[in-house]
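Now for the letters of each chain:
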Amino acid sequence: MRVHFVLHETFEVPGAYLKWAQERGHQVTTTKVYENEALPETVDEIDFLIVMGGPQSPDEDRTTFPYYDPQAEIELIQKAMKADCYIVGVCLGAQLMSVAYGAEYEHSPEREIGVYPVSLTPEGLADPHVGLFGANFDSGHWHGDMPGLTENAVVLATSQGCPRQIIRFSPKHYAFQAHLEFDSEAIDLLIAADGEEVLEEQSKKLTYVQNPETIRAYDYQEMNAKLYEFLDSLTN
């Protein structure tokens, strides 16, 4: 299988998504948006498109992030939709997917940073792939926005801080606001990017922001294993 990653920042790494693709022997290609690499013009060489996160929003102008072209990414996702590729959008990628489907992304009720429980909805428990997670599980979080919903979108998972953690837009297209791919490397990069002291202060004021020490202390292997199980089930 040919897996293509769209990466927005050096500190937003694909973590367990990339490790899964490599360990399963899939052919991996990437577009590093932050290095001004061009997005693929077609999806002819892509079976599975994974669009990762970043500090941007789907309607960002190019003043702050001159290398980021949200409309071009939305069009790439739409090409992958029409070609019946597998698609997973993560965080920003999830929001871009929702816009590609015709929805409007929204701000999450709460900013979430750290590890917090996620609960499956009845629809999530019935989903053949997401249902493998179990009714409740811990997931990484690092966001202030969330995907929009279309008439046919199905919310599969929620958290106390965000009502849209996992959304199914079609049987092969899933949006993850949750970060099941986090590992120690990803966490260190995100903490460094946001600033240790900034996060420490936010953790004292915001309900769903943990301090850096707590975030680093978590063992991410179990959530990574759940992600592997989902990806295996989705693509088999």
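Reading guide: rules and limits
- Residues numbered from 1 in each chain as written.
- Predicted model: local features only at pLDDT ≥ 70, side-chain atom pairs only at ≥ 80, totals over all residues.
- Heavy atoms only, no water.
- Helix = DSSP H or I, 4+ residues; strand = E, 2+ residues; numbered from the N terminus.
- Buried < 20%, exposed > 50% of the residue type's maximum accessible area, 1.4 Å probe, protein only.
- Polar contact = N/O pair within 3.5 Å; in protein donor to acceptor, adjacent residues only side chain to side chain.
- Contact = heavy atoms within 4.5 Å.
- Pairing = 2+ DSSP bridges.
- Axes fitted to C-alpha atoms, helices over the stretch in contact; angles between N-to-C directions.
- Phe/Tyr/Trp six-rings, centres within 6.5 Å; stacked < 30°, edge-to-face > 60°.

Explain unusual backbone geometry to me, using residue names and the numbers behind them.
Even without being glycine, Asn36 reaches a positive phi, approximately 60 degrees. Take Asn36: it is sitting in the loop between strand E2 (27-32) and strand E3 (48-51). In this structure Asn36 comes out as exposed when scored by relative accessible area, which is 61%.

Break down the side chain of His8 for me, citing the residues and quoting the values.
Structurally, His8 can be placed in the loop between strand E1 (2-7) and helix H1 (16-23). Side-chain polar atoms of His8 contact the backbone oxygen of Met52, separated by 3.1 Å. Among the polar contacts made by the side chain of His8, one reaches the main-chain carbonyl oxygen of Gly53 at a distance of 3.2 Å. Dropping the residues within four chain positions of it, His8 is found in contact with Val33, Tyr34, Val51, Met52, Gly53, Gly54, Gln56, Tyr67, Tyr68, Glu73, Leu92 and Leu96.

An account of the sheet that holds strand E9 (residues 173-176) is needed here, citing residue identities and associated values.
Reading across from one edge, E2-E1-E3-E4-E9-E8-E7-E5-E6 is the order of the nine strands in this open sheet, with mixed pairing throughout. For this open sheet the edge positions go to E2 and strand E6 (136-146), each flanked by a neighbour on one side alone. The sheet shows a mean angle of 20 degrees between the axes of neighbouring strands, taken without regard to direction. Sheet topology places strand E5 (residues 106-120) next to strand E7 (residues 154-158); two bridges connect them, and they run antiparallel. In the sheet register, Leu120 faces E7, and the bridge partner there is Ala157. Its contacts with the sheet put helix H2 (residues 70-82) on E1, E3, strand E4 (86-90) and E9, and the angle it makes with E3 is roughly 155 degrees. Sheet strands touched by helix H5 (residues 184-194): E5 and E6. Its angle to E6, the strand with the most contacts, is close to 30 degrees.

Quick one: what's the story with the packing of aromatic side chains, residue by residue and with numbers?
Applying the stated rule across the entire model yields 13 aromatic pairs. Ring geometry for Tyr101 against Phe169: centres 5.0 Å apart, planes inclined by 20 degrees, an arrangement best described as stacked. Highlighted residues: Tyr101 in the loop between helix H3 (92-100) and E5 and Phe169 in strand E8 (residues 166-170), separated in sequence by 68 residues. With a relative accessible area of 25%, Tyr101 lands in the partly exposed category. On the basis of relative accessibility, which here comes to 6%, the residue Phe169 falls in the buried class.

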